[in-house]
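Structural overview
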Amino acid sequence: MRGVWVREGAGWLAATALALIVAGQVASTARSEMLFRDGDSLIVAMFVRSLFSGEPLDWAMSSVLFIPESAVFALLSALPLNVNGLLAVNAVVNVLGLYGALRLAAGRRSPGRAPVAWSVIALGVFGLIAVTETSASRTSFEVASLLLTTTYYSATVIAMIASIGIVRRALERPHLGWGAPLALAVIAAVSVLSNPLYAVWATAPLALLLAIGAWRQTLRRASILLIAALGVGSVLGMALRMPLEPWIMRSGAGYVQPGEWLASVQYYGDFALERLRTPLGILAGAVLLALIAVAVVQTLRVREPGARLVAASAWLIPLAVVVGGIALGTHATRYLAPAAFAPLLALLVTPRAVRLPRPRVLIAAVAAALLVAGVGSVPRLVAAAQHPDADLACVTDWVAASDRTGGGQFWTVRLPKLHADDPSQLLQLHATLDGYAWLVNRHDFQTREVTFLLEDAQSGAFQVPPGAVPDAVIECGRYRIVDFGSHPLPVGEPVS
């Protein structure tokens, strides 16, 4: 038992070092835009701040409610850190969550197997892919690094891998109790409640694989119970969304446009080609294709039902989400995130122990290298989180001193709104000056006029009333504040 604790503890320490390395590297590139400043990436931090403020909550959300992500960020908020510091710590926690799910999928330790080591290797491969992603684009095929954000479906990705792990362990037990089905049902319910994509990423493909395996008499009861757990949990999750309908501005069905499948092919194809134009993109693509090829071979070779399910999941889930995403006419690369994560399972199908020359020396050397690199990454992560933003400070200081309410468009106003002393002083507006009720607390729109407008390069031209002339224009680097203090502008009804 002591040896088990030592091995598992060593695995978590190695995973922590890898998490620090990956987070430090990603945060040191232009990809830090997605961690700290992207308008979509800030929703969880904005929601949790609103929740703790005690103000009335009337949020306008997308089909995703970010429930697990918000719970994690709320817990981390107990740390004495600013918002960027919390986002940096959350990035490390998310990578550790992925390791936990991979460790679950690697199965139990037994003679001749080394699931801890292979789970660390799988996390390292994820890290390799993530650090090849260095652009500031939210629409590129650089989806692995999105796991580090609090927003882009990180909890759903982790839940998908964890569900595969639970199913594997259930199939490997000689007698299935109620623990695994219950855990699977809970994960499915919470995940679907938060993000219906779980049903597409996990429920459907796992149910299909279990149904195929149910032809074996010895697996029939387990397969039926696990399929039922997935189905009941997913249905329960959808039912639990009903009381939250007033917050959900667009259901999952609103994203389905089958008639746009050809445009979807072109959309994803263009981004795939763009990704493959760089050496780093080619490297990441080659790694993922190699893992998928290995998974296909393993599906044909392995005989253990749990291992075969893991192998089949590694290629079937990416295939299903890509084909399904195109067939449904979707236009968002993040919907295809499983294509960057499920192939990692190929490394965990048969995590055999490998005989190495002088294993203790080699393991000690690798551990020391990871430890040094992990500790060395901390200053990089801290520096990225504390990087001064004079333009942002200029805006928030001016807004606080003005003691007035202004507004800006979505991609412009969200970062200053998060960092403002009083977020309600900045309204999220359309260019028409109507309220923009999207990923924001609609309680803000009780204020029906603004006295200044915030603009930057991402802003479209505002349609101000005829004759409205600003009193002054305040330049704040990449931002400009157009002050209408003596002629307040009316705010229209909030629309999504």
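Bear in mind that the values here come from a model prediction, so they are computed numbers and not experimental data.

Some thoughts on the overall build of the chain
Each helix and strand in the chain was counted, giving 17 helices and 11 strands. When the backbone C-alpha atoms are referred to their principal axes, the chain occupies close to 80 × 50 × 45 Å. Taking all 496 residues of the chain together, the buried fraction comes to 52%. Of all intrachain contacts in the chain linking residues separated by at least 6 positions in sequence, the fraction that spans at least 24 positions is 75%. Total accessible area on the chain stands at roughly 21700 Å², and carbon and sulfur atoms take up 68% of it.

Concerning a negative patch on the surface
A cluster of acidic residues, D397, D403, D421 and D422, forms a negative patch at the surface. The topology assignment puts D397 in helix α16 (residues 390–402). A relative accessible area of 53% means that D397 is categorised as exposed.

Examining the packing of aromatic side chains
Taken as a whole, this structure holds 12 aromatic pairs when the rule is applied. For the ring pair Y267 and Y268, a centre distance of 5.3 Å and an interplane angle of 80 degrees mean the geometry is edge-to-face. Residue Y268 is classed as buried on the basis of its relative accessible area, which comes to 5%. Seen in terms of ring centroids, F410 and Y436 are 5.9 Å apart; in terms of plane orientation they differ by 65 degrees. Their pairing is edge-to-face. Taken together, the residues span a long stretch of sequence, with F410 in helix α17 (residues 410–419) and Y436 in strand β4 (residues 434–436) at a distance of 26 residues. Take F410 and Y436: they sit in the same class, and that class is buried.

Some remarks on the state of the cysteines
For the structure shown, the criterion picks out 1 disulfide. There is a disulfide in this structure between C394 and C476, and the S-S distance comes to 2.0 Å. Because the torsion about its S-S bond is -55 degrees, the bridge between C394 and C476 counts as left-handed. Residue C394 is located in helix α16, and its partner C476 is located in strand β8 (residues 472–476); the two are separated by 82 residues in the primary sequence. Here C476 falls in the buried class, since its relative accessible area comes to 2%.

Concerning the sheet that holds strand β3 (residues 426–428)
Whether parallel or antiparallel, the strands of a sheet pair through hydrogen bonds between backbone atoms. The 5 strands are arranged β3-β2-β7-β9-β8 in an open sheet whose pairing can be described as mixed. Both edges of this open sheet fall to β3 and β8, since each of them pairs with a single strand only. Strand-to-strand twist of the sheet, defined as the mean angle between neighbouring strand axes without regard to direction, takes the value 25 degrees. As paired elements, strand β2 (residues 406–408) and β3 share 3 bridges and run parallel to each other.

Structural notes on the packing of helix α8 (residues 179–194) against helix α10 (residues 217–240)
Closest axis-to-axis distance for the α8/α10 pair is 7 Å, and the angle between their directions is 30 degrees. One element, α8, and the other, α10, form an angle in the roughly parallel class. When the axes of α8 and α10 are compared, the crossing they make is right-handed. Here α8 contributes P181, L184, A185, A188, A189, V192 and L193 to the contact with α10, which in turn contributes L225, L226, A229, L230, G233, S234, L236, G237, M238 and L240. Taken together, the residues that form the contact of α8 with α10 break down as 14 nonpolar, 3 polar and no charged.

Describing the side chain of S140
Tracing the sequence through the fold places S140 in the loop between α6 (115–131) and α7 (154–172). Polar contacts involving the side chain of S140 include one to the main-chain amide nitrogen of E142, which spans 3.2 Å. Apart from residues no more than four positions distant in its own chain, S140 is found in contact with R31, S135, F271 and T333.

Quick notes on the environment of G24
Structurally, G24 is set in helix α1 (residues 2–27). Spatially, the C-alpha atom of G24 lies 8.1 Å from that of P379, the residues being 355 residues apart in sequence. With residues near it in sequence (within four places) discarded, G24 still touches S377, R380 and L381.

A few points about the confidence of the model for the chain
Confidence in the prediction for the chain averages 92 pLDDT; 97% of positions are at 70 or higher. Per-residue pLDDT, averaged within each element of the chain, yields its smallest value for helix α15 (residues 359–385) (85) and its largest for helix α5 (residues 83–105) (98).

Comments concerning the pairing of strand β9 (residues 479–483)
β9 sits mainly inside the fold: 4 of its 5 residues count as buried. Bridge count for strand β7 (residues 452–455) against β9 is 4 bridges, and the pairing is antiparallel. Bridging across to β9, E455 finds its partner in R480. Pairing analysis gives 5 bridges linking β8 to β9, with the strands arranged antiparallel. Directly across from V473, in β9, lies its bridge partner V482. The turn joining β8 and β9, which pair antiparallel and follow one another in sequence, is formed by 2 residues; a positive phi near 65 degrees is taken by G477.

Here's the deal with the nonpolar core
Judged by nonpolar contacts, the single largest core of 144 residues is most densely connected at L123, F126, L148 and F341. Counting residues per element, this core draws most heavily on α5, at 12 residues. Beyond its immediate stretch of four places on either side in the chain, L148 contacts V22, A23, V26, L35, A91, N94, V95 and F126. Counting 15 residues, the second largest nonpolar core, distinct from the first, contains L427, V440, F445 and V450.

Concerning the pattern of salt bridges
In this structure the tally under the stated criterion is 15 salt bridges. Across the salt bridge formed by E455 and R480, the nearest N and O atoms sit 2.6 Å from each other. Of this pair, E455 sits in strand β7 while R480 sits in strand β9; the two residues are 25 residues apart in sequence, bridging distant segments of the chain. The exposure class assigned to E455 is buried, which follows from its relative accessible area of 15%. On the basis of relative accessible area, R480 is assigned to the partly exposed category, the value being 32%.

About the criteria used
Residues numbered from 1 in each chain as written. Predicted model: local features only at pLDDT ≥ 70, side-chain atom pairs only at ≥ 80, totals over all residues. Heavy atoms only, no water. Helix = DSSP H or I, 4+ residues; strand = E, 2+ residues; numbered from the N terminus. Buried < 20%, exposed > 50% of the residue type's maximum accessible area, 1.4 Å probe, protein only. Contact = heavy atoms within 4.5 Å. Areas by Shrake-Rupley, 256 points an atom, 1.4 Å probe, with all protein chains shown as cover. Patch = residues over 30% accessible without salt bridge, like charges linked within 9 Å, V, L, I, M, F, W, Y side chains within 5 Å. Salt bridge = Lys/Arg side-chain N within 4 Å of Asp/Glu carboxyl O. Lys, Arg positive; Asp, Glu negative; His and termini not counted. Charge placed at Lys NZ, Arg CZ, Asp CG, Glu CD. Phe/Tyr/Trp six-rings, centres within 6.5 Å; stacked < 30°, edge-to-face > 60°. Disulfide = S-S within 2.5 Å. Pairing = 2+ DSSP bridges. Axes fitted to C-alpha atoms, helices over the stretch in contact; angles between N-to-C directions. Parallel < 35°, antiparallel > 145°, perpendicular 65-115°, else oblique. Left-handed = near helix turned anticlockwise from the far one by under 90°. Nonpolar A, V, L, I, M, F, W, Y, C, P; charged D, E, K, R; others polar. Polar contact = N/O pair within 3.5 Å; in protein donor to acceptor, adjacent residues only side chain to side chain. pLDDT = per-residue confidence, 0-100. Core = buried A, V, L, I, M, F, W, Y, C linked by side-chain atoms within 4.5 Å.

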